[in-house]
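Coordinate analysis (summary)
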Amino acid sequence: MKKAFGEAALGLQHVLAMYAGAILVPLIVGAALGLTPEQLTYLVSIDILLCGVATLLQVFNSRFFGIGLPVVLGCTFTAVGPMIAIGGQYGISAIYGSILVSGLFVIVVSGFFGSLVRFFPPVVTGSVVTIIGITLIPVAINNMGGGQGAEDFGSLSNIALAFGTLAFIIFLYKFSRGFMRAVSILVGLIAGTVVAGFMGKVDFTPIAEASYFHMVEPFYFGMPTFEWSAILTMILVALVSLVESTGVYFALSDITKKDINEKDLAKGYRSEGLAIFLGGIFNAFPYTAYSQNVGLIQMSGVKSRKIIFIAAIMLIVLGFVPKIGAMTTIIPTPVLGGAMIAMFGMVIAQGIKMLSGVISESQENSMIVACSVGIGLGVTVVPELFALLPAGVQILTSNGIVAGSLTAIALNIVFHMLPSRKRKREAQAVQSNQAVTPHG
């Protein structure tokens, strides 16, 4: 009994460590798309449920799926900006059409993604993550003011709530360690909501109206639609997430002392693809391996897959209870905005961290970062720049994240792949000349 309680407590730790990241994605996207409280409750609940399903797919080690490491999967923040952009331009149905296709794409390329990784070195992935983080900041700033179009936008109470929440999160991050630091965003959201409650800014109606149990519903938001630019955007997001997950796989391999090979990686990628595809069917999100749970494993020293299995079951159970999902939807917009500054800032920081080691390596890398981030941010701010181009070209230029990402990929090929082939041919020519030249 004591052992079971201990395992449940360790599983709950993993749930809490990833919970803030998992619920923030549907809350941010749902708020940006103007969903009703009922729709938002469903979105949060189904997301938590599928986080559990996606984690189970990785923990199990079958012939075709699962890397067999203590991996926790959650929705990727890399997809937040693209989903908001797609939803704003084409509607929510296009979001899920693009997620479905990107999931199938990942399943198809999972067997040979290892050979595609060379197109996504740190200079490319770091640029993409930085662009995504930068494009998300305006969303956070709007929420800090109370939400775009709010009657009390920018009021003193909204600003105080937003910066108070952010200050509390920073305080926790500064003066706490280990697990408490890992859940500082979640604790900050709770504290901000409690303060907002005393200010009369919390509406408990969604909790009262939510049921205690619901069944999942495929295509809850309607049948998916398919737009090429949206699909391309989500495929790029999925590829970047796979690169991030690869780092998590190798980190866990080192921690657990379990060697992984190309076949194991392929099964891990395939599981992620299946999880993304299920997200498209049940109107959830793209999924990736969560690094915060790796830190928790390292901190606790408990490396058992059983603990992650327990955490996954907890997530699935929580996902079937809309009452719990509704609790997250009452978080006031300014409180959410304060937390989002920290979360999105961390996305930018992660991108800069990925770039810090490669920019100093060569001037070429500096040029790749400069042009890709510049194009990505520029197209986001002035999307009408390419409005007069043919529709087929606008598929690649209408979205700042796509334009910036493709710029980074193309320049990496130009600077680092084409010259290397030329040098290889020159080296082969020298060797050939030496072979036919008689030695005196």
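Residues numbered from 1 in each chain as written. Predicted model: local features only at pLDDT ≥ 70, side-chain atom pairs only at ≥ 80, totals over all residues. Heavy atoms only, no water.

**Side note on the overall build of the chain**
For clarity, the threshold we go by: Helix and strand assignments follow DSSP, with helices taken as H or I runs no shorter than four residues and strands as E runs no shorter than two, numbered in order from the N terminus. Radius of gyration means the value over C-alpha atoms here, while the globule rule gives 2.2 Å times the residue count to the 0.38 power. For every residue, the accessible area obtained with a 1.4 Å probe (protein chains only) is divided by the maximum for its type, and the residue is called buried under 20%, exposed over 50%, and partly exposed between those limits. Residues count as neighbours in contact if any of their non-hydrogen atoms are within 4.5 Å of one another. The charge count treats Lys and Arg as positive and Asp and Glu as negative. His and the chain ends do not count. The location of each charge is read from NZ of Lys, CZ of Arg, CG of Asp or CD of Glu.
When you go through the chain residue by residue, the secondary structure sums to 19 helices and 2 strands. For the chain, the C-alpha radius of gyration of 23 Å lies close to 22 Å, the compact-globule estimate for 440 residues. By principal-axis analysis of the C-alpha atoms, the chain measures approximately 95 × 60 × 45 Å. Looking at the chain residue by residue over its 440 residues, the buried ones come to 51%. Considering only contacts in the chain between residues 6 or more positions apart, those separated by 24 or more positions represent 83%. Within the chain, one finds 23 positive and 19 negative side-chain charges whose respective centroids are separated by 14 Å.

**Details of unusual backbone geometry**
Even without a glycine there, the phi angle at F219 is positive, about 50°. Classification of F219 by relative accessible area gives partly exposed; the value is 25%. Although it is not a glycine, K257 adopts a positive phi angle of roughly 60°. Mapping K257 onto the fold places it in the loop between α11 (228–256) and α12 (262–281).

**Structural notes on a nonpolar patch on the surface**
We apply this condition: Only residues above 30% relative accessible area that lack a salt bridge enter a patch, with like-charged residues linked at up to 9 Å and the nonpolar side chains Val, Leu, Ile, Met, Phe, Trp and Tyr linked at up to 5 Å. Computed with the Shrake-Rupley method and a 1.4 Å probe, the accessible areas treat only the protein chains shown as cover for residues. Here, a salt bridge means any Lys or Arg side-chain nitrogen found within 4 Å of an Asp or Glu carboxyl oxygen.
On the surface, F60, F309, I313 and V317 cluster together into a nonpolar patch covering about 340 Å² of accessible area. With respect to the element layout, V317 can be found in helix α14 (residues 305–319).

**A short note on the pattern of salt bridges**
By the definition in use, this model includes 1 salt bridge. Across the pair D152 and K201 runs a salt bridge, and its minimum N-O distance is 3.4 Å. Of the two residues, D152 sits in the loop between α6 (122–144) and α7 (156–175) while K201 sits in the loop between α9 (184–198) and α10 (205–209), which places them 49 residues apart along the sequence.

**Comments concerning the packing of aromatic side chains**
We apply this condition: When two rings of Phe, Tyr or Trp (its six-membered ring) have centres within 6.5 Å they constitute a pair, described as stacked for plane angles under 30 degrees, edge-to-face for angles over 60, and tilted for the intermediate range.
All chains considered together, the criterion is met by 9 aromatic pairs. Ring centres of Y96 and F221 lie 6.3 Å apart, and the angle between their planes is 0°; this geometry places the pair in the stacked category. One end of the pair, Y96, is in helix α4 (residues 92–109); the other, F221, is in the loop between α10 and α11, with 125 residues separating them in the sequence. Judged by centre distance (4.9 Å) and plane angle (50°), the rings of F171 and F175 are tilted. Remark: F175 and F171 occur in helix α7; sequence separation between them is 4 residues, near one turn of the helix.

**Considerations on the packing of helix α3 (residues 80–90) against α4**
The axes of two packed helices give the description: the angle between them and the distance between them. Here is the rule we go by: Every angle, taken between N-to-C directions, lies between 0 and 180 degrees, and every axis is a line fitted to C-alpha atoms, over only the stretch in contact when it is a helix. These descriptions rest on fixed angle ranges, namely under 35 degrees for roughly parallel, over 145 for roughly antiparallel, 65 to 115 for roughly perpendicular, and the rest for oblique. Left-handed describes a crossing in which the near helix is turned anticlockwise from the far one by less than a right angle; the clockwise case is right-handed. Residue polarity follows a fixed list, in which Ala, Val, Leu, Ile, Met, Phe, Trp, Tyr, Cys and Pro are nonpolar, Asp, Glu, Lys and Arg are charged, and the others, Gly among them, are polar.
Orientation of α3 relative to α4, taken along the N-to-C sense of each, is 130°, at an axis distance of 7 Å. Judged by the inter-axis angle, α3 sits oblique to α4. Pair α3 / α4 crosses with right-handed handedness. Residues M83, I86, G87 and Y90 of α3 pack against I92, S93, A94, I95, S98 and I99 of α4. Residue composition of the contact of α3 with α4, grouped by class: 7 nonpolar, 3 polar and no charged.

**Side note on the nonpolar core**
Which entries qualify depends on this criterion: Think of a nonpolar core as a cluster: buried Ala, Val, Leu, Ile, Met, Phe, Trp, Tyr and Cys residues, connected wherever their side-chain atoms sit within 4.5 Å.
Core analysis: the largest hydrophobic core is formed by 118 residues, its most contacted members being I28, F77, M83, I185 and Y287. I28 has contacts with F77, V80, I84, V139, M340 and F344, leaving out every residue within four places of it along the chain.

**Observations regarding helix α16 (residues 333–359)**
Selection criterion: Take the number of residues in a helix, subtract one, and multiply by 1.5 Å to get its expected span. One fitted axis covers the seven residues ending at a residue, a second covers the seven starting there, and the bend at that residue is the angle between these axes.
Look at α16: 37 Å from first C-alpha to last across 27 residues, which is about the 39 Å you get at 1.5 Å a residue. A bend of about 25° at M340 is the largest found in α16.

**Section: the packing of α6 against helix α17 (residues 363–381)**
Their axes nearest at 10 Å, the elements α6 and α17 cross at an angle of 30°. One way to sum up the angle between α6 and α17 is to call them roughly parallel. Classified by chirality, the crossing of α17 by α6 is right-handed. On the side of α6, the interface is formed by V123, S127, I131, I134 and T135, while α17 contributes N365, I368, V369, S372, V373, G376, L377 and T380.

**So, α12**
For clarity, the cut-off: Any N or O atom pair separated by 3.5 Å or less is treated as a polar contact, with the protein-specific requirement of one donor-capable and one acceptor-capable atom, and with residues adjacent in sequence counted only for side-chain atom pairs.
Between its terminal C-alpha atoms α12 stretches 29 Å, which fits the 28 Å expected from 20 residues at 1.5 Å a residue. Counting buried positions over the 20 residues of α12 gives 15, a clear majority of the element. Taking the backbone nitrogen of K263 as reference, a side-chain oxygen 3.1 Å away marks N261 as the first, capping residue of α12. Positive backbone phi, at 60°, marks N283, one or two positions downstream of α12.

**Structural notes on the environment of T36**
Here T36 shows up in the loop between α1 (2–32) and α2 (37–59). Sequence separation between T36 and P206 is 170 residues, and the spatial gap between their C-alpha atoms is 9.8 Å.

**Topic: the state of the cysteines**
What counts, and what does not: Defined by distance alone, a disulfide is two cysteine sulfur atoms within 2.5 Å.
This model, assessed by the stated rule, comprises 0 disulfides. Considering cysteine sulfurs only, C75 is the nearest to C51, which forms no disulfide, with 4.7 Å between them. You can call C51 buried: its relative accessible area is 0%.

**Some details on the confidence of the model for the chain**
This is how it is decided: Each residue carries a pLDDT score, the predictor's own confidence in it, on a scale running from 0 to 100.
A residue-level look at the chain finds 92% of positions with pLDDT of 70 or above and a mean pLDDT of 85. Mean pLDDT values for the elements of the chain range from 66 in helix α18 (residues 391–397) up to 95 in α4.

**Some points on the environment of L56**
Summarising the element assignment, L56 is placed in helix α2. We classify L56 as buried; its relative accessible area is 15%. Taking the C-alpha atoms as reference points, L56 and V216, separated by 160 residues in sequence, lie 18 Å from one another.

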